[in-house]
Amino acid sequence: MTDTNEQLAKALNAVIDPQSGKGLIDSGRSSAPKFADGAATVILDVTGIPEVRRELIEVDIKRALGAIEGVDDVRIGMTSTRKGRRLIAVGSGKGGVGKSTLSANLAIALARRGMNVGIIDADIYGPSLPRLLDAEDSKPTANEDRQMIPVRTQYGVSMLSMGQLVKPGQAIAWRGPMAANAMGQMIDADWGETDTFVLDLPPGTGDVQLTMVQKYKPTGAVIVSTPQDLALIDARRAIHFFEEADVPIIGLVENMAGYKCPECGAVSDPFGTGGAEAAAKEMGYDFLGRIPLDIGIRTSSDEGLPPAATGGPGADAFNGVAGKLADWLDPPKG
Ligand code: ADP
C-alpha cells in the first residue's frame with residue numbers, strides 16, 4: 001500500500017506545472033494522491049492555467065498514474081481559487097461622446113486604487129486606446145497555447161485593442177461576427193492575474209454587444225453621454241439594450257459638460273449641463289459624475305498622457321467616477 005502511495009506521489013510530481021515549472025506537488029497545485037480500492041484520486045488547483053493546458057495535464061496525470069501497478073482508475077478533480085473576473089462594459093448610444101477617453105482613465109484610476117486591471121478595446125469604428133495609453137508601438141505576443149498576451153502599458157493596466165490586431169481602418173470593414181469573434185479572443189487572452197476588465201465597446205448596439213452579453217456577460221455597464229438631448233436619447237437606447245440582457249446598469253456619466261475657458265477660467269455650457277443626471281434620476285439609475293469639456297483633456301489624450309495618470313486636466317472628475325465604480329464593485333463595509 002505504502003509503496004503504491006509513494007509511487008503515485010512521485011509520478012504526480014513528475015508532471016510539470018506549466019506556470020511554475022515545478023512538479024505538481026512541489027508547486028502546491030496538489031497534495032499526494034489518495035489511493036483506495038484500485039482508484040487514485042488527485043485534487044488539482046488549476047488556477048491561472050488555460051483550458052487547453054488543463055486537458056493536457058489531465059492526460060499526463062492519467063497516463064503517469066495509470067501506469068502504476070494496482071491502479072485501475074485515476075480520478076482527477078480540478079478546483080480554481082481564482083476570484084471571478086469582473087467585466088465592466090463602457091457603452092454609449094453614439095460615437096464621439098468620449099467613451100474611449102473615459103474607459104482609459106477609469107482603467108488607470110482603478111489600477112491606481114490597487115486593482116489588477118485590463119482594458120479591452122472592442123471599438124471597431126475607432127480603436128483609440130493604443131494612442132490614449134501611449135502603446136501604439138507595442139504589439140501583443142502569443143503564448144504557446146496561442147492565446148494572446150496583452151500589452152503592459154506604462155500606466156499600470158494591461159491592454160488589448162482591435163487597433164493592434166488589424167491595420168487602421170480595416171476592422172470597420174469586418175462583418176459583425178468577425179468583430180465579435182475578435183472581441184472573444186481578446187477576452188479569452190492570457191491575462192495572468194488581471195481580474196477587473198474595462199471593456200470599451202463600439203457605440204450603439206450591434207453584433208459585438210450582442211455576443212458580449214450572450215457569451216461574456218458583463219458584471220455591469222457604465223453608460224456615457226454628452227448632455228445634449230439627442231445624445232441622451234441614444235444613451236437611453238443603449239441602457240435599454242443592457243436592461244433587456246439583464247446586465248446591471250452601474251450608472252451614467254456625463255462627458256463634455258460645461259466648457260472651461262482656458263483663457264479666463266469661466267465655465268459656459270455649450271451643450272447644456274445636467275441632462276445625463278436628470279435622465280439617470282428619471283430612469284432610477286445612479287449618476288456617476290460629470291467630466292468637463294476641457295481642451296486639455298483632448299490634447300493630453302492625443303499625446304498619450306491620460307489625466308488619471310498624470311493628474312492633468314479632468315483628473316479629479318475621472319477619479320471621482322472611478323471611486324463610485326470601485327464602490328460598486330467592492331462595496332465599502334459598514
Ligand atoms: P468615443 O470613444 O465615444 O468615440 P473619444 O473618447 O474617442 O470618444 O473622444 C472623442 C474626442 O473627444 C477625442 O478627440 C477626445 O480627446 C475628445 N474628448 C473626449 N472627452 C473630452 C472632454 N471631456 N473634453 C474635451 N475633449 C474630450
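Residues numbered from 1 in each chain as written. Predicted model: local features only at pLDDT ≥ 70, side-chain atom pairs only at ≥ 80, totals over all residues. Heavy atoms only, no water.

Chemist: Tell me what's going on with helix 10 (residues 295–302), and back it up with residues and numbers.
Modeler: Where helix 10 is concerned, the buried positions are Gly296, Ile297, Ser300 and Ser301. Projection of helix 10 onto a plane perpendicular to its axis shows the buried side chains occupying an angular sector of 130 degrees, all on one side. Residue aspartate 294 occupies the N-cap position of helix 10, its side-chain oxygen lying 2.8 Å from the main-chain nitrogen of glycine 296. Following helix 10 by one or two positions, glycine 304 has its phi on the positive side, about 75 degrees. (Buried < 20%, exposed > 50% of the residue type's maximum accessible area, 1.4 Å probe, protein only. Helix = DSSP H or I, 4+ residues; strand = E, 2+ residues; numbered from the N terminus. Arc of directions from axis to C-beta. Polar contact = N/O pair within 3.5 Å; in protein donor to acceptor, adjacent residues only side chain to side chain.)

Chemist: Give a detailed account of the side chain of aspartate 234, specifying residues and quantitative values.
Modeler: Mapped onto the secondary structure, aspartate 234 falls in helix 8 (residues 229–244). Given the relative accessible area of 19%, aspartate 234 is considered buried. Sequence-distant contacts of aspartate 234, that is, excluding residues within four places in its chain, are made with Gly93 and Lys94. (Contact = heavy atoms within 4.5 Å.)

Chemist: Describe the environment of isoleucine 61, listing the residues and the values that go with them.
Modeler: Along the chain, isoleucine 61 falls in helix 2 (residues 51–66). Residue class for isoleucine 61 comes out buried when judged on its relative accessible area of 0%. Considering only alpha carbons, one finds isoleucine 61 and alanine 180, 119 residues apart in sequence, at a separation of 36 Å. Setting aside residues up to four positions removed in sequence, isoleucine 61 forms contacts with Leu12, Val15, Leu24, Val42, Leu44, Gly66, Val74 and Ile76.

Chemist: Mind laying out the pairing of strand 10 (residues 196–200), listing which residues take part and the relevant values?
Modeler: Extensive coverage of strand 10 is indicated by the burial of 5 of its 5 residues. Of the two faces of strand 10, both are covered, the one formed by Thr196, Val198 and Asp200 as well as the one formed by Phe197 and Leu199. In this structure, strand 4 (residues 86–91) lies alongside strand 10, joined through 5 bridges in parallel fashion. Across the sheet, arginine 86 pairs through a bridge with threonine 196, a residue of strand 10. Summarising the sheet, strand 5 (residues 117–121) and strand 10 pair through 5 bridges and their orientation is parallel. The residue bridging valine 117 from the neighbouring strand is threonine 196, located in strand 10. (Pairing = 2+ DSSP bridges.)

Chemist: Go over the sheet that holds strand 2 (residues 39–45), please, and point to the residues and values.
Modeler: What the 3 strands build is an open sheet, ordered 1-2-3; its pairing is mixed. Every interior strand has two partners, whereas the edge strands, strand 1 (34–36) and strand 3 (73–79), have only one. Recorded for the sheet is a direction-independent mean angle of 20 degrees between the axes of neighbouring strands. Bridge analysis of strand 2 against strand 3 gives 7 bridges, and the strand direction is parallel. Looking at strand 3, one finds that leucine 44 is bridged to methionine 78. Docked against the sheet, helix 2 engages strand 2 and strand 3, running at close to 150 degrees with respect to strand 3. (Axes fitted to C-alpha atoms, helices over the stretch in contact; angles between N-to-C directions.)

Chemist: Tell me about the domain arrangement of the chain, and name the residues and values.
Modeler: Segmenting the chain into domains produces domain 1 (2–79) and domain 2 (86–329). With centres defined by C-alpha atoms, the gap from domain 1 to domain 2 works out at 43 Å. (Domains from an automatic or database assignment.)

Chemist: Let's hear about the site of the ligand: which residues, and what values?
Modeler: The full set close to the ligand counts 15 residues, and Gly96, Lys99, Ser100, Thr101 and Pro292 are the nearest of them. The contact in question runs from an oxygen atom of the ligand to an N or O atom on the backbone of glycine 96, over 2.8 Å. At 2.8 Å, a side-chain N or O of asparagine 255 approaches a nitrogen atom of the ligand. In isolation the ligand exposes 570 Å². Once the protein is present, 82% of that is buried. (Near = heavy atom within 4 Å. Areas by Shrake-Rupley, 256 points an atom, 1.4 Å probe, with all protein chains shown as cover.)

Chemist: Which residues make up the pattern of salt bridges, and what values go with them?
Modeler: For the structure on display, the rule yields 16 salt bridges. Here aspartate 188 and arginine 85 are joined by a salt bridge, their closest N and O atoms 3.8 Å apart. Linking aspartate 188 in the loop between helix 6 (176–187) and strand 10 with arginine 85 in the loop between strand 3 and strand 4, this pair joins segments that are 103 residues apart in sequence. Accessibility expressed as a relative area gives 39% for aspartate 188, which makes it partly exposed. Note on arginine 85: relative accessible area 41%, which makes it partly exposed. The partner of arginine 131 in a salt bridge is glutamate 136, with the nearest N and O atoms 3.8 Å apart. Given the relative accessible area of 40%, arginine 131 is considered partly exposed. (Salt bridge = Lys/Arg side-chain N within 4 Å of Asp/Glu carboxyl O.)

Chemist: Provide a residue-level description of the packing of aromatic side chains, including the pertinent values.
Modeler: Geometry of an aromatic ring pair is reported as the spacing of the ring centres plus the angle between the planes. In total, this model carries 2 aromatic pairs according to the counting rule given. Seen in terms of ring centroids, tryptophan 191 and phenylalanine 197 are 5.0 Å apart; in terms of plane orientation they differ by 80 degrees. Their pairing is edge-to-face. Summarising the burial analysis for this pair, tryptophan 191 and phenylalanine 197 share the class buried. (Phe/Tyr/Trp six-rings, centres within 6.5 Å; stacked < 30°, edge-to-face > 60°.)

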